[in-house]
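Observations on the model geometry
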Amino acid sequence: QVQLVESGGGLVQPGGSLRLSCAASGIIRIIYNMGWYRQAPGKQRELVAQIDSGGTIYYQDSVKGRFAISRDNAKNTVYLQMNSVKPEDTAVYYCNAEIRASLVQPNRDYWGQGTQVTVSS
């Protein structure tokens, strides 16, 4: 059974920084895409940033130049460094990973439990 466990959320002032981490554990053969989504109250879940197994990165326009995604393949972990945060970044942030547990199983999407990020003075 694969699990994604997030950490690093909390309360931060506008203009401040926060670093989210997400570690995948369990029986894992290959991790393809790893990414971060967020969902604000009353809004749909949206993709914030994603990094594939080759290191190609995608950012949502609203976070370009402020957020940085990275991954440590040896630790099966993805990070989201959030700088110059704004009140509109307030949301529950979810880690997502496309994982193949074994060569005889198809790829599957896995989700973390979510971590609250609140940007407020």
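In this report, the structure presented in the accompanying data block is examined. Note that the coordinates shown come from a computational prediction; the quantities given were computed from them, not determined experimentally.

Digging into the state of the cysteines
Applying the stated criterion across every chain yields a total of one disulfide. The side chain of Cys22 participates in a disulfide bridge whose partner is Cys95; the two sulfur atoms lie 2.1 Å from each other. Because the sign of the S-S torsion sets the handedness, a value of about -80 degrees for the bond joining Cys22 and Cys95 places this disulfide among the left-handed ones. Within this pair, whereas Cys22 is found in strand S3 (residues 18-25), its partner Cys95 is found in strand S9 (residues 91-100), the two being separated by 73 residues in sequence. The pair Cys22 / Cys95 is uniform in exposure class, with both members buried.

Comments concerning the packing of aromatic side chains
Tallying each qualifying case throughout the model produces one aromatic pair. We note Arg45 situated over the ring of Tyr94; from NZ or CZ to the ring centre the distance is 3.7 Å.

Points about the nonpolar core
Counting residues in hydrophobic clusters, the biggest one holds 29 residues, and the most contacted among them are Trp36, Leu80, Met82 and Tyr93. Per-element accounting of this core gives the leading share, five residues, to S9. If near-sequence neighbours (up to four positions away) are discounted, Tyr93 is found in contact with Glu6, Leu20, Trp36, Tyr37, Arg38, Val48, Phe67, Leu80, Met82, Gly114, Thr115 and Val117.

Quick notes on the environment of Ile57
Counting through the fold element by element, Ile57 comes out in strand S6 (residues 57-59). Sequence separation between Ile57 and Met34 is 23 residues, and the spatial gap between their C-alpha atoms is 9.8 Å. Discounting chain neighbours no more than four positions away, the residues touching Ile57 are Gln50, Ile51 and Ile69.

Comments concerning the pattern of salt bridges
In total, this model carries four salt bridges according to the counting rule given. The salt bridge partner of Asp89 is Arg38, with a shortest N-O separation of 3.0 Å. Residue Asp89 is found in the loop between strand S8 (77-82) and S9, and its partner Arg38 is found in strand S4 (residues 30-39); the two are separated by 51 residues along the sequence. Arg38 shares its class with Asp89; the two are buried. Across the salt bridge formed by Asp61 and Lys64, the nearest N and O atoms sit 3.0 Å from each other. Each of Arg38, Glu46, Arg66 and Asp89 takes part in a single network of salt bridges with overlapping partners.

Cut-offs and rules
- Every chain's residues receive numbers from 1 upward, in the order its sequence appears when written.
- Local features are withheld for residues below a pLDDT of 70 in this predicted model, meaning they are given only at 70 or higher, and side-chain atom pairs are given and counted only at 80 or more; totals for whole chains, interfaces and linings count all residues.
- Based on all heavy atoms of the structure, the side-chain values leave hydrogens and waters out of the count.
- Whenever a pair of cysteine sulfur atoms sits within 2.5 Å, that pair is classed as a disulfide.
- Under the scheme used here, helices are H or I runs from DSSP no shorter than 4 residues and strands are E runs no shorter than 2 residues, and both carry numbers assigned from the N terminus.
- Buried, partly exposed and exposed residues are distinguished by accessible area as a fraction of the type maximum, computed with a 1.4 Å probe on protein chains only: under 20%, between the cut-offs, and over 50%, respectively.
- When two rings of Phe, Tyr or Trp (its six-membered ring) have centres within 6.5 Å they constitute a pair, described as stacked for plane angles under 30 degrees, edge-to-face for angles over 60, and tilted for the intermediate range.
- Note on geometry: a ring has a charge over it if NZ (lysine) or CZ (arginine) is within 6 Å of the ring centre and within 35 degrees of the ring normal.
- Only buried residues count toward a nonpolar core, which is a set of Ala, Val, Leu, Ile, Met, Phe, Trp, Tyr and Cys residues joined through side-chain atoms within 4.5 Å.
- The contact criterion used is simple: two residues touch if any of their non-hydrogen atoms lie within 4.5 Å.
- Criterion for a salt bridge: a side-chain nitrogen of Lys or Arg within 4 Å of a carboxyl oxygen of Asp or Glu.

In short, shape yes, function no, at least from these values alone.
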